[in-house]
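Remarks on the overall topology
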Amino acid sequence: MAATSVVPVPPGPMEREWTTPDRGTVGIIFLIVTETALFSIFVVTYLVYIGKSLNGPYPREVLSIPIIASICLLLSSWTVYRAEHALQHNHLDRFKLWWIITILLGGEFLIATGVEWYHLITKEHFTISTNLAGSTFYSLVGLHASHVIVGLTFLLLVLIVTLAGFPIQTQFRRVRFLSWYWHFVDGIWVVVFTVVYIIGR
Amino acid sequence: MASIDYPLEHPKIHPREFSFSETLYAWVATVDHKRLGLMYIVSALIFLVIAGIMASVMRIQLAVPNNHFVDPDTFNRLFTMHGTTMVFLVGMPIVAGLSNYLVPLMIGARDMAFPRLNAFGFWIFLFGGLLLYYSYIGGSGLSGAGSAPDVGWFAYAPLTEKAFSRGASSDFWALGVMVSGFGSIASAINVIATTISLRCPGMTLSRMPVFVWVMLVDAWLILVALPPLSAAQIMLLLDRSLGANFFNTQAGGSAVLWQHFFWIFGHPEVYILIFPAFGTLSEIIPIFSRKPIFGRPAMVGAVVAIGFISLGVWAHHMFAVGMTSWSNTFFAASSMLVGVPTGIKIFNWTATMYGGKLRFATPMLFCCGFLLQFLVAGLTGIMLAVAPFDWQLHDSYFVVAHFHFTLIGGLVFGVFAGLYYWFPKATGRMLSEKLGKWHFWLFCIGFNMTFIPLHFAGMLGMPRRIYTYAAGRGWESWNMIASIGVIFQAAGILFFVWNVIQSLRFGERAGDDPWDAWTLEWATTSPPPEYNFEKLPVVRSSRPLWDLKHPQDPDWKFE
Ligand SMILES: [Cu+2]
């Protein structure tokens with residue numbers, strides 16, 4: 001057998017230059033696809049069980065619309081975009097500023113959820129085992145909150161390494177993927193908000 | 001004329017003896033897609049043997065009426081663990097293992113897109129499997145009742161609720177399956193990113209091997225179909241541990257909702273499991289017919305079509321639940337529709353063989369077994385898609401026979417074909433043709449002997465999952481024949497194990513390309529070096545090795 005063989009290339013112009021999509025981009029997109037499938041089942045469950053609870057308290061009696069928390073979370077989508085933009089243009093200080101604001105806004109959302117749950121459980125006696133509304137409410141909102149926690153953890157991680165002097169510009173791709181994930185978490189909140197606080201009440 | 005060097009032979013790496021601990025460390029800490037692929041496949045085969053032994057025990061119990069070989073509770077655990085193991089710990093790692101091993105090689109890549117995520121996927125899968133089996137020890141929980149799960153592999157609510165399933169066995173079922181599912185999702189994301197991003201120069205989507213296409217669509221199905229199961233299992237765990245009411249009918253919860261969620265996963269899962277067989281057939285039949293695959297675009301199109309249609313047919317598992325007649329009609333129609341692309345595939349494989357120069361080596365024999373048996377499985381599937389027919393035979397042994405024809409007659413035969421075909425690539429040794437033929441014929445005879453009679457037992461009214469039955473209903477002889485068939489199947493598997501052990505030690509050297517094949521994995525050494533290809537190949541057609549071997553008559557002149 002010959003030591004090396006030759007792949008024949010047809011005469012004439014070479015094929016167009018060979019490029020394939022970035023693997024990280026593909027990975028994060030399909031992570032979001034699979035997460036969407038997960039959320040959609042919880043959303044469907046919520047919708048199916050609206051009005052099916054056999055006993056109170058019912059959502060319309062105990063749930064109040066978390067306007068400020070929602071505004072914070074949606075705003076954080078914009079701030080994380082600003083941060084990403086700043087990093088892309090190598091404005092490190094601006095990046096840090098917008099990044100910290102994003103974390104604060106996300107943290108405020110999480111705290112608001114905690115306060116809401118504390119109020120519901122201790123004052124309204126509305127728990128996951130109270131009725132179907134409780135089961136679907138805590139699971140859907142909780143699933144979303146757990147994604148906020150994951151997102152915040154990574155946001156904090158980036159902040160810490162940046163403050164410690166790590167050249168975060170070199171990881172711009174990964175910062176961008178994190179911001180996409182954060183947009184996804186915010187987008188899911190729009191759905192959860194609509195289902196839980198508008199349709200569900 | 002431009003040309004690109006394309007090495008067929010690789011520099012010899014000096015062999016050195018490795019100590020046991022070094023070898024162990026190398027395997028445990030590996031992120032190499034080939035090692036992970038082999039680890040997936042080996043664990044799948046070990047679980048296959050375990051679940052096969054469970055099946056054999058059940059067949060012994062059912063061989064004669066009024067048998068007391070095992071007690072009813074043990075029997076419930078046996079069929080639950082058998083089904084769960086076969087689907088989640090045999091079928092799923094086969095998917096992950098074959099795509100891990102072959103996809104990078106076939107598209108001319110050096111590894112998967114995310115090697116460390118890949119290692120994570122394998123270990124989390126194995127952890128989930130061990131968690132499930134730990135229930136045999138720890139499943140009693142504090143209440144002291146039950147050990148392994150006994151709720152059936154689809155774990156219908158409200159049987160799984162705390163009130164009816166004491167102890168922790170159902171928690172182990174939900175957790176173990178869910179955790180192993182995370183591994184499948186990790187590997188699916190990896191397969192998609194690899195096929196989209198790491199194709200070698202010239203490997204356009206239209207030139208990609210059909211196997212890679214199939215595994216790409218398979219990964220897509222895993223990503224959209226597995227989360228519904230995880231979601232339902234999270235709800236079940238919330239019900240059981242925190243007192244939530246999702247499937248608690250006393251609090252207005254719906255048991256049917258579990259069925260919907262389970263089968264939204266469960267039907268696509270059937271395709272997730274069978275796809276590796278579709279892939280191996282699409283590679284092997286052309287090689288052993290010496291013809292390019294017939295209707296390549298139609299093959300790819302059919303797989304993509306299945307990837308979408310199969311998401312909308314799930315409720316054909318629920319005709320007996322009492323859905324509206326509109327739902328029944330819709331799901332009956334969509335289930336028949338999904339038979340069309342499957343029919344296209346069977347037609348194209350047959351057409352590939354038609355007029356070809358056939359070589360009936362062991363891989364090809366298993367492919368032929370697949371074609372005949374999967375055809376039967378497809379036909380009984382169409383029968384069961386007819387709602388009134390299903391009402392008659394729902395939950396009977398007819399259904400059991402049907403899906404074992406798809407999963408053994410189809411999947412297992414297809415996977416054995418693949419194992420015989422790619423074993424030389426992975427190990428550098430040929431499997432013995434003689435032992436392989438023994439394996440094929442014993443397994444084929446045994447399989448048909450077991451599962452053809454079960455169709456008749458089912459039509460005579462034998463329900464699935466009963467642990468014994470009274471004499472005089474006409475079921476005895478069918479069950480006896482079925483149980484005898486198991487002996488042949490087990491003998492076939494023993495021949496396979498023997499074959500593997502023998503050829504690993506004394507097998508004939510395979511060389512790089514023992515089958516005279518056309519796809520890129522045969523362009524590198526057997527076994528391939530850790531980096532797969534010394535230089536990234538450049539391809540011009542869907543049969544790059546054909547082009548290489550026939551410079552006067554390459555495919556790219558015609559494609
Ligand atoms: Cu189905």
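What counts and what doesn't
Residues numbered from 1 in each chain as written. Chains lettered and ligands numbered in written order. Predicted model: local features only at pLDDT ≥ 70, side-chain atom pairs only at ≥ 80, totals over all residues. Heavy atoms only, no water. Helix = DSSP H or I, 4+ residues; strand = E, 2+ residues; numbered from the N terminus. Rg over C-alpha atoms; globule rule 2.2 N^0.38 Å. Buried < 20%, exposed > 50% of the residue type's maximum accessible area, 1.4 Å probe, protein only. Contact = heavy atoms within 4.5 Å. Areas by Shrake-Rupley, 256 points an atom, 1.4 Å probe, with all protein chains shown as cover. Axes fitted to C-alpha atoms, helices over the stretch in contact; angles between N-to-C directions. Parallel < 35°, antiparallel > 145°, perpendicular 65-115°, else oblique. Left-handed = near helix turned anticlockwise from the far one by under 90°. Donors = N, O, S within 2.8 Å, 3.2 Å for Na, K, Ca; no water. Phe/Tyr/Trp six-rings, centres within 6.5 Å; stacked < 30°, edge-to-face > 60°. Lys NZ or Arg CZ within 6 Å of the ring centre and 35° of its normal. Patch = residues over 30% accessible without salt bridge, like charges linked within 9 Å, V, L, I, M, F, W, Y side chains within 5 Å. Salt bridge = Lys/Arg side-chain N within 4 Å of Asp/Glu carboxyl O. Core = buried A, V, L, I, M, F, W, Y, C linked by side-chain atoms within 4.5 Å. pLDDT = per-residue confidence, 0-100. Expected span 1.5 Å × (residues − 1). Bend = angle between axes of the 7 residues up to and from the residue. Polar contact = N/O pair within 3.5 Å; in protein donor to acceptor, adjacent residues only side chain to side chain.

**Description of the overall build of chain B**
Looking only at helices and strands, chain B features 15 helices and one strand. Scaling as 2.2 N^0.38, a compact globule of 559 residues should have a C-alpha radius of gyration of about 24 Å, and chain B matches this with 24 Å. Projected onto its principal axes, the C-alpha coordinates of chain B cover approximately 75 × 50 × 45 Å. Counting all 559 residues of chain B, 61% fall into the buried class. Within chain B, residue pairs in contact and separated by at least 24 positions form 82% of the contacts whose partners lie at least 6 positions apart. Counting every atom, chain B has about 20900 Å² of accessible surface; 71% of that belongs to carbon and sulfur.

**Brief notes about the overall build of chain A**
Looking only at helices and strands, chain A features six helices and one strand. N-terminal to C-terminal, the α/β element order of chain A is β-α-α-α-α-α-α. On C-alpha atoms alone, chain A measures out to a radius of gyration of 23 Å, which is more than a quarter above the 17 Å that the 2.2 N^0.38 rule sets for 201 residues. Each principal axis of the C-alpha atoms in chain A carries an extent, and together these give about 80 × 45 × 30 Å. Burial analysis of chain A (201 residues in total) assigns 48% to the buried set.

**Considerations on the packing of helix H1 (residues 23–48) of chain A against helix H5 (residues 169–197) of chain B**
Running from amino to carboxyl end, H1(A) crosses H5(B) at an angle of 140 degrees, the nearest separation of the two axes being 9 Å. With respect to their mutual orientation, H1(A) and H5(B) come out oblique. The way H1(A) lies across H5(B) gives a crossing that is right-handed. Residues Arg23(A), Val26(A), Gly27(A), Phe30(A), Leu31(A) and Thr34(A) of H1(A) touch H5(B), and the partners they reach there are Ile185(B), Ile189(B), Ile192(B), Ala193(B), Ile196(B) and Ser197(B).

**Considering the environment of Gly312(B)**
Residue and element names in this part refer to chain B. Counting through the fold element by element, Gly312 comes out in the loop between helix H8 (296–309) and helix H9 (325–353). In sequence terms Gly312 and Val256 are 56 residues apart; their C-alpha atoms lie 17 Å from each other. In contact with Gly312, other than residues within four places in its own chain, are Phe330, Phe331 and Ser334.

**Section: the coordination of the copper ion**
Residue and element names in this part refer to chain B. Donor atoms from the polypeptide that bind the copper ion are His267 (ND1), His316 (NE2) and His317 (NE2), placed at 1.8 to 2.0 Å. Along the chain, the residues donating to the copper ion are arranged with the sequence spacing H-x48-H-H. One end of the pair, His267, is in helix H7 (residues 255–289); the other, His317, is in the loop between H8 and H9, with 50 residues separating them in the sequence.

**A few points about unusual backbone geometry**
Cis geometry is adopted by the peptide bond preceding Pro57(A), which originates at Gly56(A) and carries an omega value of -5 degrees. Cis geometry is adopted by the peptide bond preceding Pro527(B), which originates at Ser526(B) and carries an omega value of -10 degrees. Positionally, Pro527(B) belongs in the loop between helix H14 (476–506) and helix H15 (544–549). A positive phi angle, close to 55 degrees, is found at Asp395(B), a residue other than glycine. Considering the arrangement of structural elements, one finds Asp395(B) in the loop between helix H11 (387–393) and helix H12 (397–427).

**Looking at the packing of aromatic side chains**
Residue and element names in this part refer to chain B. Tallying each qualifying case throughout the model produces 71 aromatic pairs over all chains. Geometrically, the ring pair formed by Phe75 and Phe79 is edge-to-face, given 6.0 Å between the ring centres and 70 degrees between the ring planes. Of this pair, Phe75 and Phe79 both sit in helix H3 (residues 72–106), separated by four residues, roughly a single helical turn. Counting every residue linked through ring pairs, the aromatic cluster contains Phe88, Trp153, Phe154, Tyr156, Trp173, Phe246, Phe247, Trp258, Phe262, Trp263 and Phe265. Positioned over the ring face of Trp518 is Arg543, at 4.4 Å from the centre of the ring. The aromatic ring of Trp546 is capped on one face by Arg543, whose charged end is 4.3 Å from the ring centroid.

**Points about a nonpolar patch on the surface**
Residues and elements named next belong to chain B. Together, Val64, Trp441, Ile445, Met480, Ile484, Ile487 and Phe488 line one region of the surface with nonpolar side chains, adding up to about 620 Å² of accessible area. At the level of secondary structure, the elements contributing two or more residues to the nonpolar patch comprise helix H13 (433–459) and H14. Per-element accounting of the nonpolar patch gives the leading share, four residues, to H14. You can see Met480 is positioned in helix H14. Relative accessible area serves as the criterion here: at 35%, Met480 is assigned to the partly exposed category.

**Notes on the nonpolar core**
The biggest cluster of nonpolar side chains holds 226 residues, and the ones touching the most others in it are Trp99(A), Phe137(A), Phe275(B), Trp349(B) and Phe370(B). Here this core takes 21 residues from helix H6 (residues 210–242) of chain B, the largest share from any one element. If we ignore the near neighbours within four places in the chain, the residues touching Phe137(A) are Tyr46(A), Leu63(A), Glu116(A), Trp117(A), Leu120(A), Phe126(A), Gly142(A), Val196(A) and Tyr197(A).

**Here's the deal with the side chain of Thr380(B)**
Residues and elements named next belong to chain B. The residue Thr380 is located in helix H10 (residues 362–385) in this model. What makes Thr380 buried here is its relative accessible area of 7%. Beyond its immediate chain neighbours, meaning those up to four positions away, Thr380 contacts Phe398, His402 and His455.

**Topic: the pattern of salt bridges**
Inspection of every chain in the model, using the stated rule, returns nine salt bridges over all chains. A salt bridge links Asp22(A) to Arg173(A); the shortest N-O distance between them is 3.2 Å. Linking Asp22(A) in the loop between strand E1 (4–8) and H1 with Arg173(A) in helix H6 (residues 172–199), this pair joins segments that are 151 residues apart in sequence. For Asp22(A), a relative accessible area of 30% gives the class partly exposed. When the shortest N-O distance is used, the salt bridge between Arg290(B) and Asp516(B) registers 3.0 Å. Note that Arg290(B) is positioned in the loop between H7 and H8 and Asp516(B) in the loop between H14 and H15, a separation of 226 residues in sequence. What makes Asp516(B) partly exposed here is its relative accessible area of 35%. Ionic contacts of the salt-bridge type, sharing partners, join the residues Arg290(B), Asp513(B), Asp516(B) and Lys549(B) into one network.

**Comments concerning the confidence of the model for chain B**
Residue and element names in this part refer to chain B. Averaged over all residues, the pLDDT of chain B equals 91, while 96% of them reach at least 70. Confidence drops under pLDDT 50 across residues 1–11; counting only partners more than four residues distant or on other chains, this segment forms 44 contacts. Scored as a whole, the predicted complex attains pTM 0.93, and scored at its interfaces, ipTM 0.92.

**Observations regarding H3(B)**
Residue and element names in this part refer to chain B. Look at H3: 48 Å from first C-alpha to last across 35 residues, which is about the 51 Å you get at 1.5 Å a residue. The largest bend in H3 amounts to roughly 35 degrees and is located at Thr85. In terms of burial, H3 is a largely internal element, 30 of the 35 residues being buried. Capping of H3 at its N-terminal end is provided by Asp71; its side-chain oxygen lies 3.2 Å from the backbone amide nitrogen of Asp73. Just beyond H3, the residue with positive phi is Gly108, at close to 70 degrees.

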